[in-house]
Amino acid sequence: MTTGDAHEPYRVIGPGGEIVEAVSVFLRDLLAAGKSEPTLRSYSVDLLRWWRFLDAVDVAWDLASRAEARDFSCWIQLTVKQRLQTSRPRAARLSSRVPGAPNPVTGKLAAGDGYAPSTVAHSETVLRRFYDFHRDCGTGPVLNPFPLDASRRIQRRHAHHNPMDEWIPERTGRYRPTVPQRIPRAIPDDWFNQLFAALPSDRDRALVAFWISTGARASELLGMHQCDFKPGEQLISVVRKGTRVRQELPASVDAFVWHRLYQHELLRVGVPRG
């Protein structure tokens, strides 16, 4: 549930309409660690899904064992994902586990009716961190229902890693699925030219040009101010989504040209300078 309060932006409501205090304490700890509101929302959704599963099997969160964690991990990989609803979720149905047809232009697979492997992996990480937090605080079970893989506990991870070699992805959780490596998104030049020509304003053309040349997120570009543009140095400043740190990025000359045209368009309609 969204609260609109900056000190507690999200809450998880239990089956009886009560606030789940165990989740609220965990979210406050994340907020104190500097996590952003989108991160808190993502964690809340994963915990709400787990709470609904525990309510269905009639097990309290602090009495959950690895049997419930195992069954939950099987369920989330086999069930049809629940769409955004205002009422209680519908009855669970088995997923076809078949990805949608690929996009004829970009080759990206459409989302299927089940949860993506990345969503399942993120859920496992959130729940493991949740139980680790309450175990350390003495308010939860001593044994984490979502344990680490026993084969990784023999020695310290990456103890003898060669700095000249790439990091090898490892499965840290016992119930964490393998996330396939995604194909980088791409669009043919002809299709991009058609897309760029169809943009209705210089503002949109500037945003797309900055997006292509810098790789910044759309939310980061939309949050920029006039002082964040440095045409003489061909740099723009954006606030990164995860770290909230301001970072300068080099941009193309064309992007600054479209931005300048957009500024002149604002001056013609009477927007004051600065």
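Per-chain numbering applies: the sequence of each chain, read as written, is numbered from 1 onward. Only residues with pLDDT of at least 70 are given local features in this predicted model, and only at 80 or more are side-chain atom pairs given and counted; all residues enter the totals for whole chains, interfaces and linings. Neither water nor hydrogens contribute to the side-chain values; these are computed over all heavy atoms in the structure.

Engineer: Explain the overall build of the chain here, please?
Structural biologist: A run of DSSP states H or I qualifies as a helix once it reaches four residues; a run of E qualifies as a strand once it reaches two. Both are numbered from the N-terminal end. Helix and strand content of the chain: eight helices and five strands. Per-residue burial for the chain yields a buried fraction of 30% across its 274 residues. Looking at the chain alone, contacts between residues at least 24 apart form 50% of all its contacts between residues at least 6 apart. Element-wise, carbon and sulfur atoms account for 55% of the exposed surface of the chain, whose accessible area totals about 18100 Å². Exposure categories follow from relative accessible area, calculated using a 1.4 Å probe and restricted to protein chains: below 20% of the type maximum is buried, above 50% is exposed, and the middle band is partly exposed. Note on contacts: a residue pair qualifies if any of its non-hydrogen atoms lie within 4.5 Å across the two residues. To measure how exposed things are, a 1.4 Å probe is used in the Shrake-Rupley method; for residues, cover is taken only from the protein chains shown.

Engineer: Please explain helix 8 (residues 253–268) as it appears in this structure.
Structural biologist: Side chains that are three or four residues apart share a direction in an α-helix, a result of its 3.6 residues per turn. Across its 16 residues, helix 8 extends 23 Å between first and last C-alpha, which sits within 8% of the 22 Å expected from 1.5 Å per residue. Residues Ala 255, Phe 256, His 259 and Gln 263 constitute the buried set of helix 8. Buried residues along helix 8 cover an arc of 95° about the axis, so they all sit on one side. Turned more than 90 degrees from where helix 8 packs its buried face, Asp 254 and Arg 268 sit exposed. Packed against the buried residues of helix 8 are helix 6 (202–214), strand 3 (229–230) and strand 4 (235–239). Following helix 8 by one or two positions, Gly 270 has its phi on the positive side, about 100°. By this rule the span expected of a helix is its residue count minus one, scaled by 1.5 Å. It is the directions from the helix axis to the C-beta atoms whose arc is reported.

Engineer: Mind showing me how you'd approach the environment of Arg 174 here?
Structural biologist: Here Arg 174 shows up in the loop between helix 4 (117–137) and helix 5 (189–197). A residue is classified by how much of its surface remains accessible, and Arg 174, at 36% relative accessible area, is partly exposed. The spacing of Arg 174 and Leu 148 is 26 residues in sequence and 5.4 Å in space, taken between C-alpha atoms.

Engineer: Help me understand the side chain of Ser 24, please; the structure alone is not making it clear to me.
Structural biologist: Tracing the sequence through the fold places Ser 24 in helix 1 (residues 21–32). According to the relative accessible area criterion, Ser 24 is buried, its value standing at 2%. Once residues lying within four places of it in the same chain are set aside, the contact partners of Ser 24 are Glu 8 and Ile 19.

Engineer: Hey, could you run me through the pairing of strand 5 (residues 246–250) in this one?
Structural biologist: Both strand 4 and strand 5 contribute to a ladder of five bridges, which runs antiparallel. Its bridge partner being in strand 5, Leu 235 is matched across the sheet by Pro 250. Between strand 4 and strand 5, which follow one another and run antiparallel, lie six residues, and Arg 244 among them has a positive phi close to 60°. The pairing criterion for strands is at least two bridges between them, as found by DSSP.

Engineer: How should I be thinking about the packing of aromatic side chains in this particular structure?
Structural biologist: Aromatic pairing here means that ring centres of Phe, Tyr or Trp (its six-membered ring) are within 6.5 Å. Orientation follows from the plane angle: under 30 degrees is stacked, over 60 is edge-to-face, and everything else is tilted. Inspection of every chain in the model, using the stated rule, returns 21 aromatic pairs. Plain terms: the ring middles of Phe 26 and Phe 130 are 5.5 Å apart, the flat faces sit at 85° to each other, and that makes the pair edge-to-face. With Phe 26 in helix 1 and Phe 130 in helix 4, this pair connects stretches of sequence that are 104 residues apart. On the basis of an interplanar angle of 85° and a centroid distance of 5.2 Å, the ring pair of Phe 130 and Tyr 131 is categorised as edge-to-face.

Engineer: What is the right way to read a nonpolar patch on the surface from this model?
Structural biologist: Together, Ile 187, Trp 191 and Leu 195 give the surface a local cluster of nonpolar side chains, amounting to about 290 Å² of exposed area. Looking at where Ile 187 falls in the secondary structure, it is placed in the loop between helix 4 and helix 5. Classification of Ile 187 by relative accessible area gives partly exposed; the value is 37%. Nonpolar side chains (Val, Leu, Ile, Met, Phe, Trp, Tyr) within 5 Å and like charges within 9 Å form the patches, drawn only from residues with over 30% relative accessible area and no salt bridge. Any carboxyl oxygen of Asp or Glu that lies within 4 Å of a side-chain nitrogen of Lys or Arg is treated as forming a salt bridge with it.

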